[in-house]
Each structure stands twice: as structure tokens, then as C-alpha cells.
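These are the residues of each chain, in order.
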Amino acid sequence: MLSAMSVKKPLIVVVMLIIVIALGVVSYLNTNVDLLPEMELPYMVIVTVYAGQSPDTVEKEVTDPIEASISKVSGVDKIFSTSAEHYSMITLQLDYSASVDKVKQDIQSQLELTALPSDEFFNQPIIIEVDPSLLSTMTVSISSEGQTNEEAASYLSKVTEAIASVSGVARV
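Residues numbered from 1 in each chain as written. Predicted model: local features only at pLDDT ≥ 70, side-chain atom pairs only at ≥ 80, totals over all residues. Heavy atoms only, no water.

Asker: How would you sum up the sheet that holds strand β2 (residues 76–84)? Please name residues and give values.
Answerer: Across the sheet, which stays open at both edges, the four strands sit in the order β2-β3-β1-β4 with antiparallel pairing between neighbours. Edge strands, defined here as strands with exactly one partner in the open sheet, are β2 and β4 (126–129). On average, adjacent strands in this sheet sit at an angle of 20 degrees to one another, irrespective of strand direction. Across the sheet, helix α3 (residues 55–70) is in contact with β1 (43–49), β2 and β3 (87–94); its angle to β2 comes to roughly 170 degrees. (Pairing = 2+ DSSP bridges. Helix = DSSP H or I, 4+ residues; strand = E, 2+ residues; numbered from the N terminus. Axes fitted to C-alpha atoms, helices over the stretch in contact; angles between N-to-C directions. Contact = heavy atoms within 4.5 Å.)

Asker: Kindly report on the packing of aromatic side chains, identifying the contributing residues and their values.
Answerer: A complete count under the given rule lists one aromatic pair for this structure. Arranged with centres 5.5 Å apart and planes meeting at 85 degrees, the rings of Tyr50 and Phe122 form a pair that is edge-to-face. Placement of Tyr50 in the loop between β1 and α3 and of Phe122 in the loop between α4 (100–113) and β4 is noted, with a sequence separation of 72 residues between them. In this structure Tyr50 comes out as buried when scored by relative accessible area, which is 4%. Owing to a relative accessible area of 8%, Phe122 belongs among the buried residues under this scheme. (Phe/Tyr/Trp six-rings, centres within 6.5 Å; stacked < 30°, edge-to-face > 60°. Buried < 20%, exposed > 50% of the residue type's maximum accessible area, 1.4 Å probe, protein only.)

Asker: Now, about the side chain of Thr114: what can you tell me, with residues and values included?
Answerer: Mapping Thr114 onto the fold places it in the loop between α4 and β4. Within polar-contact distance, the side chain of Thr114 engages the backbone oxygen of Gln110 at 2.7 Å. In this structure Thr114 touches Pro65, Ile66 and Ser69, once residues within four positions along its chain are discounted. (Polar contact = N/O pair within 3.5 Å; in protein donor to acceptor, adjacent residues only side chain to side chain.)

Asker: Let's hear about α4: which residues, and what values?
Answerer: An ideal rise of 1.5 Å per residue puts 20 Å on 14 residues; α4 measures up with 20 Å between its terminal C-alpha atoms. Looking only at α4, the buried set comprises Val100, Val103, Ile107 and Leu111. An end-on view of α4 places all buried positions within 75 degrees of arc, on one side of the element. Residues of α4 that are exposed and point over 90 degrees away from its buried face: Gln105, Glu112 and Leu113. Buried positions along α4 lie against β1, α3, β2, β3 and β4. (Expected span 1.5 Å × (residues − 1). Arc of directions from axis to C-beta.)

Asker: Pulling in residues and values, what's your account of unusual backbone geometry?
Answerer: What you tend to see is this: most non-glycine residues have negative phi, and most peptide bonds are trans. In this structure, His86 takes a positive phi of about 80 degrees despite not being glycine. When you line up the elements, His86 lands in the loop between β2 and β3.

Asker: A description of the side chain of Ser69 should follow, citing residues and the corresponding values.
Answerer: For Ser69, the location among the structural elements is in helix α3. Ser69 sits in the buried class, given a relative accessible area of 6%. Looking at Ser69, its side chain comes within polar contact range of the main-chain oxygen of Ile66, at 3.0 Å. In contact with Ser69, other than residues within four places in its own chain, are Gln110 and Thr114.

Asker: Give a detailed account of the environment of Val100, specifying residues and quantitative values.
Answerer: Tracing the chain through its elements places Val100 in helix α4. On the accessibility criterion, Val100 (5% relative accessible area) is buried. Counting along the chain gives 65 residues from Val100 to Ser165, while the straight-line C-alpha distance between them is 35 Å.

Asker: Explain the nonpolar core to me, and be specific about the residues and the numbers.
Answerer: Ile46, Ile66, Ile70, Leu92 and Ile107 are the most contacted members of the largest nonpolar core, which totals 20 residues. Breaking this core down by element, the ones donating at least two residues are β1, α3, β3 and α4. (Core = buried A, V, L, I, M, F, W, Y, C linked by side-chain atoms within 4.5 Å.)

Asker: Tell me about the pattern of salt bridges, and name the residues and values.
Answerer: Under the counting rule described, the total for this entry stands at two salt bridges. We note a salt bridge from Lys102 to Asp106, for which the minimum N-O separation is 3.1 Å. Note that Lys102 and Asp106 are positioned in helix α4 at a spacing of four residues, about one turn of the helix. Taking the relative accessible area as the measure of exposure, Asp106 reaches 22% and is therefore partly exposed. (Salt bridge = Lys/Arg side-chain N within 4 Å of Asp/Glu carboxyl O.)

Structure follows, in C-alpha cells:
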């Protein structure tokens, strides 16, 4: 039936085809595409420096107490931690429905209540929100053979200045 109508009234088919093509063109022109779209990733990192301490000491005196207090915060889905010589790094995966700002405030409140070392080698924990804009867009590597350190540094300085002068480059 549809094929019979198409043969008898081809103008209807042509008009329908033009409408579909026009809608496609309008949709394509109104679609916004960003290289790095604005998004809120549900991750946070807590870094704590405890200079001169072994990984076991860092784990026992820093990582374990922080993990215990943060596990009480609502909105934290998973906790991954690393205790190394001189520092502790705890990565938090948040629920996608959680407000990152609220969770950060709750974490700061819990950290204030946590019993942590109070000697001169201990630095207070730093909370870092994972943000795609912090990621580098481009990484450049330069090597030189047969040049002195001063010549290589001079060349690197020139390259750095040239890249920094390009419009749209935020930081080199």
C-alpha cells in the first residue's frame, strides 16, 4: 500500500525526504561538542606527608585512622589507599548521586576529629578533587645529544616560550 502511494504521489515522498534532511541538518548544527566537557568526576584524593617515616609507620599512624574516620562519611562508595615511605595517598570513589562539595565538607569535618600524629614531620592531610581540567592535554618530550646542559636548557626555554605564546595555552 505504501509503495503504491509512493508511485502515484511522488511529491509526498520528496517532501518527506526534504523534511528529514532538514531536521538532520538543524540537529547537526545545534549539537555542541567540547574537547573536555565540564563534568564532575566522583573521585577525591587525600594526600598526607609524614616525612622520614617508613611505610608501616605511615600506614599505622596515618592511613588506617583516616580510612576509619572517612568510612563513616555518607557518599563514599569505595576507598583505595597506598602507604609509602614519607606519604599516604587515599583515593575515594564517591557515589554518582553524591554532592562532591558536601562530601568534601564531611571529610574535612571527620579529619579534624581524627587522631593523627602531632610532630614536626607530619603535614596535615590535603584533599584534592579530581578535575579533568587538571589533566594535561599535551605532553612534550625533548632530548638532546652532543649538547651541554646549558645549550639544552636554552633550547628548552625557547620551546617553552613558543608554546606559551600560542593562543589558548593556559600553562606550560
